[in-house]
Amino acid sequence: MARGRSQKWICLDCKSEFSVQGAAPVVCCFCGSRHIGRAPSVELAESFARKKDELVAVCKDLNPAYEAYAELRKMRDALMAYWKQQKRRGYITAEEYEALDSLFSGPKDRRRSKEER
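Because the structure is a prediction, the values reported are computed rather than measured.

1. Describing the pairing of strand 1 (residues 6-11)
Side chains on a regular strand alternate between the two faces of the sheet.
Line of reasoning, step 1. Relative to strand 2 (residues 17-21), strand 1 runs antiparallel, the two being bridged by 5 bridges. The residue bridging Ser6 from the neighbouring strand is Gln21, located in strand 2.
Line of reasoning, step 2. Between strand 1 and strand 2, which pair antiparallel and follow one another directly, the connecting turn spans 5 residues, one of which, Lys15, has a positive phi of 65°.
Line of reasoning, step 3. Direction of pairing for strand 1 relative to strand 3 (residues 36-37): antiparallel, over a ladder of 2 bridges. Considered in strand 3, the bridge of Cys11 is made with Ile36.

Structure representation (structure tokens):
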């Protein structure tokens, strides 16, 4: 928050508007509620609160899914490193390696050079 100028705050409980200069307020200056937001209008502050709650709910569901994806991705990368080594040793062809690599439909490792493809 910018210091030296007043920031407009809105209490979502009593709908009062107040300005505070310097540090962010913790409670409403009128009713003492901790349910405050910084926005130009009450409607926008309520919209911010709803959208924040939606984001928290989505992230609560998404984070475990991403952790599972990351763990599976590590396993896939370790297996593909094994097959890359076999390709380098000449035990499988480049076409066989590409067929194995194409089993994963997600984003490929960006660090691979054109020679390794």
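2. What about unusual backbone geometry?
Line of reasoning, step 1. The backbone of Lys15 shows a phi angle near 65°, a positive value even though the residue is not glycine.
Line of reasoning, step 2. The topology assignment puts Lys15 in the loop between strand 1 and strand 2.
Line of reasoning, step 3. Looking at Lys15, the relative accessible area reads 39%, which means it is partly exposed.

3. So, the sheet that holds strand 1
Line of reasoning, step 1. With respect to topology, 3 strands assemble into an open sheet ordered 2-1-3, the strand pairing being antiparallel. Sheet topology places strand 2 and strand 3 at the edges, where each strand pairs with a single neighbour.

4. What to know about the layout of surface pockets
Line of reasoning, step 1. The volume enclosed by the largest pocket comes to roughly 190 Å³.
Line of reasoning, step 2. For the lining of the largest pocket, the secondary structure elements donating two or more residues are strand 3 and helix 1 (42-89).
Line of reasoning, step 3. Grouping the constituent residues of the lining of the largest pocket by class yields 5 nonpolar, 2 polar and 2 charged.

5. Let's talk about the pattern of salt bridges
Line of reasoning, step 1. For the structure shown, the criterion picks out 6 salt bridges.
Line of reasoning, step 2. Between Glu54 and Lys51 there is a salt bridge, with the nearest N and O atoms lying 3.9 Å from each other. Placement of both Glu54 and Lys51 in helix 1 is noted, with a separation of 3 residues, approximately one turn of the helix.
Line of reasoning, step 3. Relative accessible area serves as the criterion here: at 44%, Glu54 is assigned to the partly exposed category.
Line of reasoning, step 4. Of the charged contacts in the structure, one is a salt bridge between Arg73 and Asp77, with a shortest N-O distance of 3.2 Å.

6. Here we look at the packing of aromatic side chains
Line of reasoning, step 1. For the structure shown, the criterion picks out 3 aromatic pairs.
Line of reasoning, step 2. With a centroid separation of 6.0 Å and an interplanar angle of 40°, the aromatic rings of Tyr66 and Tyr69 are classed as tilted. Here Tyr66 pairs with Tyr69, and both are found in helix 1, just 3 residues apart, close to one helical turn.
Line of reasoning, step 3. In this structure Tyr66 comes out as exposed when scored by relative accessible area, which is 54%.
Line of reasoning, step 4. Note on Tyr69: relative accessible area 33%, which makes it partly exposed.
Line of reasoning, step 5. Ring centres of Tyr82 and Trp83 lie 5.2 Å apart, and the angle between their planes is 75°; this geometry places the pair in the edge-to-face category.

About the criteria used
Residues numbered from 1 in each chain as written. Predicted model: local features only at pLDDT ≥ 70, side-chain atom pairs only at ≥ 80, totals over all residues. Heavy atoms only, no water. Pairing = 2+ DSSP bridges. Helix = DSSP H or I, 4+ residues; strand = E, 2+ residues; numbered from the N terminus. Buried < 20%, exposed > 50% of the residue type's maximum accessible area, 1.4 Å probe, protein only. 1 Å grid on protein atoms, 1.4 Å probe; cavity = no way out; pocket = protein on both sides within 12 Å on 5 of 7 lines; lining within 4 Å. Points joined across faces, edges and corners; volume = space filled by probe spheres on them. Nonpolar A, V, L, I, M, F, W, Y, C, P; charged D, E, K, R; others polar. Salt bridge = Lys/Arg side-chain N within 4 Å of Asp/Glu carboxyl O. Phe/Tyr/Trp six-rings, centres within 6.5 Å; stacked < 30°, edge-to-face > 60°.

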